[in-house]
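# Summary of structural features
Chain residues, written in single-letter form:
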Amino acid sequence: MPDEIPKLYEPRKYEAEVYKTWLDAEAFAAVPDDRANRYVIMMPLPNVTGALHMGHAMDNIMQDLLIRWHRMMKDNTLWMAGTDHAGIGTQAVIEKRLFELEGKTRHDLGREALVARIQAWKDEYRERIIRQQQSMGCSCDWKRQRFTMDEVCARAVREAFFRLFRDGLIYRGNRLVNWDCQLETAVSDDEIVYEKVQGHFYHIKYPVIDPKPGEPEHVVVATTRPETMLGDTAVAVHPDPAAAMEKKMASLRERMDGASKKERIEMKAELERIEERKRTHLPILLKLRDMAKDRRTVLLPLLVRPIPLIVDEWADPALGSGCVKITPGHDPNDYDVWSRHRNEIGVINILNTNGTLNENAGPYRGLDRFEARKKVAADLRTRGLLGEVEDREIEVGHSDRSKTPIEPYLSKQWFVRMGDVPGGIVCGAGTKKIFRAVGLAQACIDTVAPNYQSPSGKRLMFAPDHARYGGTYKAWLSEKRDWCISRQLWWGHRIPIWQVSKFGLDISAVLAGLPNASRDELWAWVTDAEGRIYGKPEVETLDPRERYDILVSLRNPAAEAKYAAALEAAGFAQDPDVLDTWFSSALWPMSTLGWPDPATAALDPGQRPLGPVHGRSDCLSYYYPGSCLVTARDIITLWVARMMLMGLYLMGDVPFTDSFIHANIQDGKGERMSKSKGNGIDPEDIIDKYGADAMRYVLCDMQTGTQDIRLPVQAMSPYTGELVDLATAKHGRSIFTYIDPDSGKEFDVLGSMPDLPAAKIISERFDIGRGFCTKLWNAARFTLMNLGEHKFTPIAPGRLAPEDRWILSRLSRVIAEVTDELRAYNPSAAIGAARDFFWGELCDWYLEIVKPRLKDEAAAPVVRTILSFALDQVLRLFHPFVPFITEVLWERLNAQCPVRGLTAPVHGSDLLINADWPTPHPNWEDTGIESEFGLLRDFVRGIRETRALHNIPPGRKLDALIKATGRSEKILREMRPLVAHLAALNSLEIGATVTRPAAAVGHVLGDIEVYLAGLVDADVERQRLSAKITKLLEDARKSEARLSNKAFVERAPADVVEKERQKLKDLRTQIDLIDAQLKLL
RNA sequence: GGGCGGUUAGCUCAGCGGUAGAGUAUCGGUCUUACACACCGGUGGCCGCAGGUUCGAACCCUGCACCGCCCACCA
C-alpha cells in the first residue's frame, strides 16, 4: 500500500536484498546465444595487495554503468571480473609484514612457505574486494571470475610464452636492469618513481700512468655515486672535442632566435661559458684524446688497477672536466659505451643482489653500497685524490614497491622483443585473422592509425580524448623498448624454461641428446650472453671456446611431466625467475575466456562453461574481441598497450575497440588517492553512511571528461564528533594519523595504530547523491500515492492538456540526450540531462501543475496514465546510474500498476535490470509547446520574484492583471489556469487594454506588464525598477555600440546581426515599459 | 631537459568564438499535506597574468606565472 512508503529512503534496508534478488535471478549471467550484438568489458583486475578505495570505485562504477545500460539495450553483455596476483606488490606487502612482525626474511621461510602465506593473504583480500564490489552494485558475472594465477590463466600464460619463445620474440640476455636491492628483483621502468634527494657530486682524480712531459698528471671525473668507481673499466674523452663544442654553440645560437628573454639570457651565459672552456679545457682534452688513441692508461685509485683512456662521443667536452668514468656494469649510458668498445674494455659487476659489494670491490667487499660510498670518498680524500664535493639535489629512482633506491645492475633477464624484426612477424597464427607486421610494438601502434582496420575491421579508439590518450599510447610504444618480463620473485608464474650453459664445442652434442619430442611440445634455442639467438645452421659456426646457453621451453604441464626429468638428468635446470605480472594480465581478455582451448579449460566448480553452448562454438569466439576497456590514464602504457600486443599476436585482433579513460580521484590537496599515502577512502565507508546509489550518483556526476576529481575528505573526530578537514589538518606521528584541532589529540584514519581511536572518513560531497535519492524516492511516493487502483487505458492524444504535451515532448528529447551522452562516454552530462528533466521539469513543474487535476476525477485518469508512464521511463533512465533505489521503486510500481503506457500498453519486466532501455518518441516532440512553456515559466518566476521582494507569504492569494498582446496574450490565455495555480493567484485578468490599478505593484517581463493589486510599496518597486532599467540601459548601450560599428554589421554573419537588432528592439520595448511604470509611481 | 594537462562564483566543476553556468556554501522567505536530505527567491565572477588574431575572445595563437601528470637525463 502506498501510504506505507516512508518519507526517507534508507538504503541499508534494501541494498543487500536487491543485490540478492539480482543474483538469484541470474541477472548478471553472460551466456552466448543467437544475438549478434555483444557488449564485453574485461574488468581491470584489482591487485590483491589490499582493499579498494574510491579510485577503484570510480573505475568499477563506470563499468557497471556501461554494462547495465547495454544490458538494457539488449546486447548480450559480459562483464568479466577477477583479481590480479600482482607479483611484486603482493610479495612486497607480505615480506614487509614478515619482517616487521617476525623479524624474518623470505629466505628464512623458503619458497613454499612464503607462497603459502601470500596465498592466504590473497584469499582474504580477494573476498574483501568482491564484497566491496558487490556492495557498490557491480553486476559482473561472478560465475566466470578468474584469478591471474588460477589454472585457466596459467595455461594461457604458458602457451603464450611458448609461442613467443618459439617465434624468437622472447629472448634471454645480459642487460642492465633496474635492481631493487631490498626485494632482490629487477623492476620495470614503470615501477620506478623518481624522488629528489640531497646528495653530493664528487670530483675524483685518476692519476695518469707514466705521464710524458706536458701531459696532465691526473684526469678528473665526477659522479654522484663514488662507489661505482670500483667497477670502472675506462675513462672516456670525446674524439673531437673542438667540433663538439662548436656544434653545441651553433645549436644554442640557432635556438636563441625563438627563445624568450629569460631563456636568451641563460643561453648567452652558456655560450660564454663554453667559449671560456675552449680556452681552459680544450688543449687538455685534445691531448687526452691523443693519449687515448695511443692506448694510454690511467690508474684506478684504491683498487690500483690500470684502465684505458678511450674515445667516445658520450663524453661531453662542455661538461665537468670533459672526461667521464665508464662503469658499464652500473650505468645505462656507460653500458652503451661498452657495447661500442667491446674489444677494448670489460664489464665489472661490483654488487651482490642485496646491494652489498661483492669480491670485485676488493677491500670494500661486504659493505652496503651506501657505506661503501662514504668509505670510498673518505679513502680518496686520504690519498688526496678527492677534489671538490658539491652539494646537489639529485633525482634518484626508487622502487615503487620497496621505496628503496634502485641500482642499475647487470644480470640475465628475459625480454619480449618489441622492435621491428627482420622478415617481420606473423600475428594471429592458427586463426582466420592471420596477418603480418614488422614487429610487436608497431602492430600495436598501427591500431590507432586513422584508417587502420584489423582483419575483422576493428580499430582502437580512446575516449573521451582520442588525440590525447592515443598520443600517450603511441609515444610510449614508439620507443619500442624491449619489455623485461622476468622478476626474481617467488610469487608468480614460473618461467617455463630449462637451461644449461655449455661451450660452443659441446652444443651440437647436447642438442642431439635432447629428448625426442614433438616441436609442438618442446622448443629449444641456443643463445649467447647478449641474447642473440642461433638457428640450427648457425650452431655449427659457434665459437668453440665461448659459452652459450641452451634454452628449452616445455609447452604445458604434460610436456613437463614427460621431459623435465630427462632434461634435469642432462644438467638442465628450470629458471628460478617468475614472469612480470603484466605478462599474465596482458592475456586477460583471452585467458579468461579459455584461450587457447575453451572447451578444455579447468574451471572451478559451479562456473559457467566456456565451451560449446546454444549453438555457439565457445565463449572465446563469441566474446572476443571485446568492447570497452575502462581504466585510468597511467594504465594506458602498462596494460592497454600490452593487452593490445598479446591480442594482436595471439588472436590476430584487437582485444577491445574502445578504451574509456576516466578521471583519477584526488584528495583535498590534489594528490592522487592511494592506500599507501593514507588518503584513500574505503567505498564501504561512504556506502555505509550515504548508500551505494548516492555514491554512484556523485561519481557519475563528477566524471566530466579529462578533469581529475578533487574529493576533499573529512574525518569525524572520535573526540568531539566534529568534522576535521584532512586537507588542512596536521599529521600525527604517521601519514595515517592526524591531530584533532579542537582537542589537540591524535587519531588514526586507517586503524593502523592500536593505541589510537579510529575516525571514520567521510566527504560532504555525497550529500548531493543522498539528496537526489530522497527526491527520486518522494517523487515516486507522490506518484504511487496518487495512482490508486489505476488501470491502463489508452489515451487519445486530443485529450492531452498543454502540460501533458510539454512533459512528453521533454521526456522524448531527454531520452535521446541521455543515450547520446552515454554513447559519447560522458556520464556527467548523461546523468545531468536526466536529473534536469526529472527534478527541474517533472518535479518542479509538472507535478505541481497537475495537483489540482488529480483531485478532479474527470481529469485524473489522463494524469495518472502520464504519471505512471513518466515514472516508468525515469526509473529506466536512472537505473544504470542508481540501480538499487530504482529497482526497489520498480517493484512497487509493478505491484500497483503492472501495465503502463500512453496509446499502447507497456509491460514492466519483473526486474528493472532486465527492462528495455527507453527510446525517444519523435512524434511527441513539439517545439511550439516547449517554447510556450518557457514563457509560462518565466512569467511565473517573475511573479514569485515580486512576491519575495514584497515579502508576501506564499499562502496569500493575489489578484493579478496582465497587459499582454499578440502571442504572449494568446499563450497566457490558454494557460490561464496553470498561471493562476502556480503563481497562487486569486483572480487573473488578461488583456491588451489592462491598465494599472490604483493600489498595485507592477513589473515588466519582456513585452508583458504585470500588476499585483492590493499591494502598496512604491519605494521597493521604484528601487527594483530603477535597478532593472539601469541594467537594461547598459545592455542597450552595448548593443547600440555594436550595431553602430560598421565592421560588425558588414563582417559578422547576417543572422548574428539580425539577432542583435532584435535584441536591441526588445530591450527598448522593455525600457519604455519600465520607464512608463516608473512615471506612474 | 622534453611532452601533455590545468588555472572560471568561498568550495567542487561545466562551458571551449556571438549577452558568464550548475551543484554546494551563504543570505532572505516558506512546515504551500511527495520530499525541511524540501520548496521559493536573492547575493556572489577584470573566466591566472601580458600581448596578439578577429567585427567580436573565458573560448583561437604567443609568451609569462603557478599547480599537476608522463617521459628522459643529470658522468
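Here the structure is a predicted model, which means the values were calculated and not measured.

### Points about the overall build of chain A
Regarding its fold elements, chain A presents 33 helices and 40 strands. Counting every position in chain A, which comprises 1081 residues, the buried fraction comes to 55%. With an accessible surface of roughly 46700 Å², chain A has 51% of that area assigned to carbon and sulfur atoms. Placing the 144 positive and 153 negative side-chain charges of chain A at their respective mean positions leaves the two points 2 Å apart.

### A closer look at the sheet that holds strand β34 (residues 760-762)
Taken in spatial order, the three strands line up as β31-β30-β34 in an open sheet, and their pairing is antiparallel. Both edges of this open sheet fall to β31 (723-725) and β34, since each of them pairs with a single strand only. Direction aside, the axes of adjacent strands within the sheet are offset by 35° on average. One ladder, built from three bridges, connects strand β30 (residues 714-716) with β34; its direction is antiparallel. Bridged to Q714 within β34 is I762.

### Focus: helix α2 (residues 54-72)
Compared with an ideal rise of 1.5 Å per residue, which puts 19 residues at 27 Å, α2 spans 26 Å between its outermost C-alpha atoms and is within 8% of the ideal. Burial within α2 is extensive, with 18 of its 19 residues counted as buried. Where α2 terminates, the next one or two residues include K74, which has phi positive at roughly 70°.

### A short note on empty space enclosed by the protein
A water-sized probe, rolled over the atoms, reveals where empty space remains. What the rule picks out here adds up to four cavities of 30 Å³ or more. When its volume is computed, the largest cavity comes out at roughly 80 Å³. Looking at the largest cavity, the residues that line it are A779, A780, T783, F838, L842, L847, L867, A870, L871 and V874. Among the secondary structure elements, those contributing two or more residues to the lining of the largest cavity are α23 (767-787), α25 (827-854) and α26 (860-878).

### A look at the packing of aromatic side chains
Within this structure, the stated rule accounts for 30 aromatic pairs. Here the aromatic residues F161, F165, W414, W483 and F583 are joined through ring pairs into a cluster of three or more. Over the face of the ring belonging to Y622 we find R38, whose NZ or CZ atom lies 4.3 Å from the ring centre. Cation over ring: K122 sits above F147, and NZ or CZ is 4.3 Å from the ring centre.

### Focus on the side chain of R947
Along the chain, R947 turns up in helix α28 (residues 927-949). For the buried R947, no salt bridge is present, and the opposite-charge side chain at shortest range is D959, 10.0 Å distant. At a separation of 2.2 Å, a polar atom in the side chain of R947 contacts the main-chain carbonyl oxygen of R956. Within polar-contact distance, the side chain of R947 engages the backbone oxygen of A984 at 3.2 Å. If near-sequence neighbours (up to four positions away) are discounted, R947 is found in contact with I952, P953, P954, R956, K957, L958, A983 and A984.

### Concerning the protein's contact with RNA strand B
Contacts to RNA strand B come from 57 residues, most closely from F201, A222, T223, V324 and R1051. Note that a phosphate oxygen of RNA strand B is positioned 3.3 Å from one of the side-chain N or O atoms of R481. R710 places a main-chain nitrogen or oxygen 2.6 Å from a phosphate oxygen of RNA strand B. Ranked by the residues each element gives to the surface near RNA strand B, the list is headed by α23, at 10 residues.

### Describing the side chain of D528
In this fold, D528 is placed in the loop between β21 (522-527) and β22 (533-534). Buried and unpaired, D528 has no salt bridge, with R532 as the nearest side chain of opposite charge at 5.3 Å. When neighbours within four sequence positions are excluded, D528 is seen to be in contact with R172, Y534 and Y548.

### Focus on the confidence of the model for chain A
Low pLDDT means the predicted atomic positions in that stretch should not be read closely. In this model, chain A carries an average pLDDT of 87, and 97% of its residues clear a pLDDT of 70 or more. Mean pLDDT per element in chain A: helix α8 (residues 261-280) is the minimum at 72, and strand β2 (residues 76-80) is the maximum at 97.

### Brief notes about the pattern of salt bridges
On inspection of all chains with the given rule, the structure shows 73 salt bridges. R289 is the salt-bridge partner of D290, the closest N and O atoms lying 2.9 Å from each other. Look at D290 and you get partly exposed, because its relative accessible area is 42%. Classification of R289 by relative accessible area gives buried; the value is 15%. Notably, a salt bridge pairs D653 with K433, separated by 2.8 Å at the nearest N-O pair. In this pair, D653 is assigned in the loop between α20 (635-651) and β27 (658-662) and K433 in the loop between β15 (420-427) and β16 (435-439), connecting sequence segments 220 residues apart. Of the residues examined, D653 reaches a relative accessible area of 0% and is grouped as buried.

### Examining the nonpolar core
In this structure, M54, M695, V818, Y846 and F881 are the most contacted members of the largest nonpolar core, which totals 151 residues. Tallying contributions element by element places α25 first for this core, with 14 residues. Residues in contact with M695, not counting those within four places in the same chain, are M54, A57, I61, M136, P683, I686, I687 and F766. In this structure, V157, W414, Y452 and W588 belong to the second largest nonpolar core, which totals 121 residues.

Reading the values: the criteria
- Residues numbered from 1 in each chain as written.
- Chains lettered and ligands numbered in written order.
- Predicted model: local features only at pLDDT ≥ 70, side-chain atom pairs only at ≥ 80, totals over all residues.
- Heavy atoms only, no water.
- Helix = DSSP H or I, 4+ residues; strand = E, 2+ residues; numbered from the N terminus.
- Buried < 20%, exposed > 50% of the residue type's maximum accessible area, 1.4 Å probe, protein only.
- Areas by Shrake-Rupley, 256 points an atom, 1.4 Å probe, with all protein chains shown as cover.
- Lys, Arg positive; Asp, Glu negative; His and termini not counted.
- Charge placed at Lys NZ, Arg CZ, Asp CG, Glu CD.
- Pairing = 2+ DSSP bridges.
- Axes fitted to C-alpha atoms, helices over the stretch in contact; angles between N-to-C directions.
- Expected span 1.5 Å × (residues − 1).
- 1 Å grid on protein atoms, 1.4 Å probe; cavity = no way out; pocket = protein on both sides within 12 Å on 5 of 7 lines; lining within 4 Å.
- Points joined across faces, edges and corners; volume = space filled by probe spheres on them.
- Phe/Tyr/Trp six-rings, centres within 6.5 Å; stacked < 30°, edge-to-face > 60°.
- Lys NZ or Arg CZ within 6 Å of the ring centre and 35° of its normal.
- Salt bridge = Lys/Arg side-chain N within 4 Å of Asp/Glu carboxyl O.
- Polar contact = N/O pair within 3.5 Å; in protein donor to acceptor, adjacent residues only side chain to side chain.
- Contact = heavy atoms within 4.5 Å.
- Near = heavy atom within 4 Å.
- pLDDT = per-residue confidence, 0-100.
- Core = buried A, V, L, I, M, F, W, Y, C linked by side-chain atoms within 4.5 Å.

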